[in-house]
Structures are given as structure tokens and as C-alpha cells.
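# Examining the three-dimensional arrangement
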Amino acid sequence: MVNVLDKFGRPIRDLRISVTDRCNFRCTYCMPKEIFGDDYVFLPKESLLTFEEIERMAKIFAGIGVKKLRMTGGEPLLRENMPDLIERLNNIDGIEDIGLTTNGVLLGKYAQPLYDAGLRRLNLSLDALDPFVFGEMNGRGTNPQIVLKNIELAKDLGFQIKVNMVVKKGVNEHEILPMATHFKERGITLRFIEFMDVGNDNAWSFEKVVTKKDIYKMLAEEFELEPVDPDYFGEVAQRYRYKDNGAEVGFITSVSESFCSTCTRARMSSDGKLFTCLFATEGFDLRELIRSGKSDEEIQSAITGVWAGRTDRYSDERTEETAKKRKKINMSYIGG
């Protein structure tokens, strides 16, 4: 295995694979319906990497140190036959962990086939328990009970589950304690994500961010928490556990407490572009290498070169001005 480091000595350990740029939600912080309307043009099917191509790329990435894969979108369960892809990826030497991030609406249909294919980890996006608040945030009026029911189904099947809540000031911070209580009682990890300036369309500003410090203060007034040590280098969330029952809560602090210095994550879009940062402005075209007949060794060499030249540390450098001026790739395209 080739051990490749970027310009700041960060290894590549995680690959997030987007399988589609389409989504059945229009979340205000990701794909606002004012931008992604009914006439929005998504990628044509022939532009997407096939499962064979994704499997090949995952094997190549495993050869340079990637141990974890995460399936993302868009909404990955909109891609047909996802259990088949999971089964393919689950048989790759060197891959130790596979996860999938979903809004959970289609999970009732696919949870069992995904589990049978070898998937064990799910990240579910849920921003509120209040039906009106959640319906407004997801842009489709979808009731949270649909997601909650499917979370329970997946839990009963044996999945390891984490729930992600994006917190936006003036929108859903009053849902922090109800969400914490609900998932604490069920022994499910809840992770609070600071509202980030991903893409170009979510009207981000520092004033709309509820920081980890603010959220922790709210939780500490209701619960006794203790810190949990990271499981591995590059772990994204700062983790705590409730002293009375051991359930965990986490914070993803891209805005207030940057974690660029330990970032080991690469991202591959559904049309085969390689991105070395969530806030990237452009990607490296792997699909062109694949479909022009390049060998695995040639593709691996190209990826190694991209990672070795990586200097990304956007969250360390973010200011209100740079956040507004920088033309970034949309998260619905690159994957979260």
C-alpha cells in the first residue's frame, strides 16, 4: 500500500462517494427550492459513474490508504440498486468500514436489503421533531414521523445509527433540547452540525450560526455530560456522553472550532470528480481517466499527485468576506 501525505502531513483515510446529485428534499441549507426548482437540470444518467467504475475507484483508493467509505448524494437511496453497490464495496481488501448518509424517507424500503448486503452504519439527517419546523427546513413539508419510524426500523435491524441535526439560528435552535432528549432516551447518538457556508445558495452568514459553545451550554443546563476521547485520528465530531445512561452526543464544529488540521477526507462526485475539501472550488476529473482506458496504476498515480499537492484548510481561513466571495461546489453535488 502507498502511504501518501498532503502538504500538511495529513494522510488520506476516508473517501465519500456521491452516487447521485438528485434529492427528494429541498433543505434550505443545502438545496433551497428557490434555486433547485422543478426545472433544475441534474446530471444525465450517462454522466454518472457506473457501479463497476465506483468499485474500481474504491479499490484504487484503498491502495493508497483509504479505510472508510461513505455513500452520499444528493439522496443516495434515489440511486437504483444501492444494495448491489454496497455488496461490491464490502468485498474490497483494506476497506474496514462503510457508511451511508440518508434523509431516511426511503429507508423503510431499503433498510433490510442494505443490511443483507453488509451495510452496518447509517447517518440520518433530521433537523427537528416539530412537524412544521421540519417541513419548512426540508422544503417538502415531509413529516418527521416518517424519518423517526424508519430510524426505529433500522435500529431494530441492527444498524449503528447517528442522527445529524443542522442548527440554524432563528429557525430550529429551540429544537435542540427536544431532539437531545428524544435520542438520549433511545440510546442513539445525536450530532449537532453548525450551519456551514457550503455551496453558494444558502445565504450563509456568521450571524446564523449556533456554535458548539452555545449548544453545549443549553445541554449542560439539563444533562450531565462528560467528554469522550476520539476513536481515531481525523474523527470529525467532538464527542460527549450522558453520565446517566452512556448515550452519546456530538458536535461538528466546522465554523467555530475548525478541524482542518486532522482532515483525512477526500470526496468523489457522482460524475467522477475528485475533491479534496468540502468547500472546494473545482475538482479533478477521474471519470476521464477511467473512460479513456488508463490503467489502475496510472489512475492511482494521478490521485496520489492530487493528494500530495493538497493545501486545503478553508475552515481555518474562513471570514465573512471569503465565504461570500468564494465560488464553491454545491454540497448536493459533492456530498456532505
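Everything in this summary refers to the structure shown in the same document.

### Here's the deal with unusual backbone geometry
Residues apart from glycine generally show negative phi values, whereas peptide bonds are mostly found in trans. A cis amide bond, omega 15°, links glycine 73 with the succeeding residue glycine 74. As for its placement among the helices and strands, glycine 74 is situated in the loop between strand E2 (68–72) and helix H2 (82–90). Backbone geometry places asparagine 81, a non-glycine residue, at a positive phi of 65°.

### Some remarks on the packing of helix H1 (residues 51–62) against helix H9 (residues 296–308)
Interhelical geometry of H1 versus H9 gives an angle of 60° and a closest axis separation of 10 Å. Between H1 and H9, the crossing angle belongs to the class labelled oblique. The way H1 lies across H9 gives a crossing that is right-handed. Contact residues: H1 offers Arg56, Met57, Ile60 and Phe61, while H9 offers Asp296, Ile299, Gln300 and Ile303. For the contact of H1 with H9, a count of residues per class yields five nonpolar, one polar and two charged.

### Some words on the packing of aromatic side chains
Two numbers describe a pair of aromatic rings. These are the distance of the centres and the angle of the planes. Within this structure, the stated rule accounts for 11 aromatic pairs. Here the aromatic rings of phenylalanine 36 and tyrosine 40 are separated by 4.6 Å at their centres, their planes lie at 50°, and the arrangement is tilted. Take phenylalanine 36: its relative accessible area is 2%, and that puts it in the buried class. Centroid distance tyrosine 40 to phenylalanine 42: 4.9 Å. Interplanar angle 65°. Geometry classified as edge-to-face. Look at phenylalanine 42 and you get buried, because its relative accessible area is 14%. An aromatic cluster of at least three residues, connected via ring pairs, comprises Phe192, Tyr216, Tyr240 and Phe251. The ring of tyrosine 115 has arginine 120 lying over it, and the distance from NZ or CZ to the ring centre is 3.6 Å.

About the thresholds
Residues numbered from 1 in each chain as written. Predicted model: local features only at pLDDT ≥ 70, side-chain atom pairs only at ≥ 80, totals over all residues. Heavy atoms only, no water. Helix = DSSP H or I, 4+ residues; strand = E, 2+ residues; numbered from the N terminus. Axes fitted to C-alpha atoms, helices over the stretch in contact; angles between N-to-C directions. Parallel < 35°, antiparallel > 145°, perpendicular 65-115°, else oblique. Left-handed = near helix turned anticlockwise from the far one by under 90°. Contact = heavy atoms within 4.5 Å. Nonpolar A, V, L, I, M, F, W, Y, C, P; charged D, E, K, R; others polar. Phe/Tyr/Trp six-rings, centres within 6.5 Å; stacked < 30°, edge-to-face > 60°. Buried < 20%, exposed > 50% of the residue type's maximum accessible area, 1.4 Å probe, protein only. Lys NZ or Arg CZ within 6 Å of the ring centre and 35° of its normal.

Function-wise, these values are silent; they only describe arrangement.
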